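The chain contents come next:
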Amino acid sequence: MKFDVLTLFPEMFAPIKQSILGRAIENKLIDINLINIRDFSENKHKKVDDTPYGGGAGMVMMPDVVYRAYQSIAGKSNKGKAGGAKVIYMTPQGKKLNQKKVEDLSKESHLIILCGHYEGIDQRVIDKIVDEEISIGDYVLTGGEIPAMVLMDSVSRYVEGVLNEDSINEESFSNGLLEYPQYTRPEEFEGMKVPEVLLSGHHENIEKWRKEKSYEITKMKRPDLLK
Ligand code: ADE
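Counting of residues starts from 1 at the beginning of each chain's written sequence and follows it residue by residue. The predicted origin of the model limits local features to residues at a pLDDT of at least 70 and limits the giving and counting of side-chain atom pairs to 80 or more, whereas totals for whole chains, interfaces and linings rest on all residues. Each side-chain value is derived from all of the structure's non-hydrogen atoms; neither hydrogens nor water enter the calculation.

S.K.: Would you mind going over the environment of L105 in detail, with residue names and values included?
M.R.: Only DSSP runs of H or I with at least four residues qualify as helices, and only runs of E with at least two residues qualify as strands; both kinds are numbered from the N terminus onward. Residue placement: L105 occurs in helix α3 (residues 99–105). The buried label goes to any residue with under 20% of its type's maximum accessible area, the exposed label to any with over 50%, and the partly exposed label to all in between, with areas taken from a 1.4 Å probe on protein chains only. Take L105: its relative accessible area is 1%, and that puts it in the buried class. Distance from L105 to Y158, taken between C-alpha atoms, is 9.2 Å for residues 53 residues apart in sequence.

S.K.: Any chance you could break down the packing of aromatic side chains for me, citing the residues and the numbers?
M.R.: Any two rings among Phe, Tyr and Trp, with Trp reduced to its six-membered ring, count as a pair given centres within 6.5 Å; such a pair is stacked if its planes are under 30 degrees apart, edge-to-face if over 60, and tilted if neither. The final tally for this structure, using the stated rule, is 1 aromatic pair. Between Y67 and Y70, the aromatic rings sit 5.9 Å apart at their centres with planes inclined by 20 degrees, giving stacked as the arrangement. Taken as a pair, Y67 and Y70 lie in helix α2 (residues 63–74) at a separation of 3 residues, close to a single helical turn. The exposure class assigned to Y67 is buried, which follows from its relative accessible area of 18%.

S.K.: An account of the site of the ligand is requested, with residue identities and associated values reported.
M.R.: In these notes, residues near a molecule or strand are those with any non-hydrogen atom within 4 Å of it. Inspection of the region around the ligand gives M90, T91, P92, I134, S135, I136, G137, Y139, V140, L141, G143 and P147 as its neighbouring residues. We call two N or O atoms a polar contact when they sit within 3.5 Å, provided that within protein one can donate a hydrogen and the other can accept it, with sequence-adjacent residues counted only if both atoms are side-chain atoms. G137 places a main-chain nitrogen or oxygen 3.2 Å from a nitrogen atom of the ligand. Backbone polar atom of Y139 to a nitrogen atom of the ligand: 2.8 Å apart, as the coordinates give it. A 1.4 Å probe and the Shrake-Rupley method give the accessible areas. Residues count as covered only by the protein chains that appear here. Contact with the protein chains removes 96% of the 260 Å² of surface that the ligand exposes when unbound. Looking at the shell around the ligand, the elements that each hand over two or more residues are β5 (86–96) and β7 (132–135). Sorting elements by how many residues they give to the shell around the ligand places β5 first, with 3 residues. Across the shell around the ligand, the residue classes tally to 8 nonpolar, 4 polar and no charged. Polarity classes work like this: nonpolar for Ala, Val, Leu, Ile, Met, Phe, Trp, Tyr, Cys and Pro, charged for Asp, Glu, Lys and Arg, and polar for all others, with Gly in that last group.

S.K.: Tell me about the pattern of salt bridges, residues and numbers included.
M.R.: Salt bridges are defined by distance alone: a side-chain nitrogen of Lys or Arg within 4 Å of a carboxyl oxygen of Asp or Glu. Summed over the entire model, instances satisfying the criterion amount to 14 salt bridges. For D4, the salt bridge is made with K2, and the minimal N-O distance between the two is 3.9 Å. On the basis of relative accessibility, which here comes to 29%, the residue K2 falls in the partly exposed class. Linking R68 and E42 is a salt bridge whose minimum nitrogen-to-oxygen distance equals 3.4 Å. Note that R68 is positioned in helix α2 and E42 in the loop between β2 (31–36) and β3 (49–50), a separation of 26 residues in sequence. When its relative accessible area of 22% is taken as the criterion, R68 is described as partly exposed.

S.K.: Can you break down a nonpolar patch on the surface residue by residue, with the values?
M.R.: Only residues whose relative accessible area exceeds 30% and that form no salt bridge are eligible for patches; like-charged ones are grouped when within 9 Å, while nonpolar side chains (Val, Leu, Ile, Met, Phe, Trp, Tyr) are grouped when within 5 Å. Residues M12, Y139, L141, I146 and V150 make up a contiguous nonpolar surface patch of roughly 410 Å² in combined accessible area. When you line up the elements, V150 lands in helix α5 (residues 145–156). Residue V150 is classed as partly exposed on the basis of its relative accessible area of 35%.

S.K.: Let's hear about helix α8 (residues 203–221): which residues, and what values?
M.R.: Given a rise of 1.5 Å per residue, 19 residues ought to cover 27 Å, and the 26 Å separating the end C-alpha atoms of α8 matches this to within 8%. Where α8 is concerned, the buried positions are I206, W209, S214, I217 and T218. Buried residues in α8, looked at end-on, bunch into an arc of 160 degrees, giving them a common side. Relative to its buried face, α8 has exposed residues pointing more than 90 degrees away, namely E204, K208, K211 and K219. Each element contacted by the buried residues of α8 is listed here: α7 (196–199). Expected helix span is given by 1.5 Å per residue-to-residue step, counting one fewer step than there are residues. By definition, the arc is the one covered by directions from the helix axis to the C-beta atoms. The contact rule is simple, with two residues in contact once any of their heavy atoms fall within 4.5 Å.

S.K.: Pulling in residues and values, what's your account of the side chain of D4?
M.R.: Among the structural elements, D4 can be located in strand β1 (residues 2–7). Judged by relative accessible area, which is 2%, D4 ranks as buried. A distance of 2.7 Å separates polar atoms of two side chains, one belonging to D4 and the other to N33. Leave out the neighbours within four places in its chain, and D4 touches N33, I35, I73, H110, L111, I112 and I113.

So, in structure tokens, the structure goes:
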């Protein structure tokens with residue numbers, strides 16, 4: 001899976017190179033290419049934004065600079081034609097991300113992710129290149145970088161070889177339910193014991209207990225998922 005990220009703040013993406021995704025990058029299962037939009041400013045001060053037409057607060061990212069950054073990876077294409085890549089714009093106006101969407105996106109081989117900053121991006125370049133707008137929730141962040149990391153992290157988990165298959169099948173949301181509780185050593189912690197059934201070695205009973213717990217926890221914490 002290849003991710004091209006168009007951003008004004010490539011340094012913000014350091015966390016994604018740690019841990020499981022770091023290993024996935026090393027093993028060439030995923031490739032994250034950060035493109036600094038500022039490198040495509042033709043202004044001698046490397047200006048990338050300007051005041052909004054019609055007035056108002058904040059600054060707007062200029063369409064030509066964003067477009068040149070996009071063309072550097074996609075050539076002279078319009079939306080839907082970036083060599084098979086899907087172009088995603090991270091914005092609170094987008095469709096809210098969920099596990100189903102994450103799984104669908106993991107079937108793509110190449111995603112181009114556009115991160116906005118300031119008051120936003122000139123609408124014309126959005127209209128020209130973006131295939132899909134995605135939000136990570138109903139709250140506003142200072143930019144699209146953290147949402148882009150959320151998207152890449154959640155999608156990468158579905159890329160073959162990044163996780164072992166069982167983790168995907170057993171985790172929360174994978175079967176529409178939240179995951180059952182987990183325990184490890186020691187057998188007793190602060191007077192609390194590990195549920196007896198998990199020590200029994202009886203696989204059928206363990207599976208039954210886990211299914212019941214999954215249902216119980218979902219009913220208690222996220223009854224909306226049962227509808
Ligand atoms: N940019 C700012 N807030 C965002 C959000 N909630 N989702 C995606 N991109 C954003």
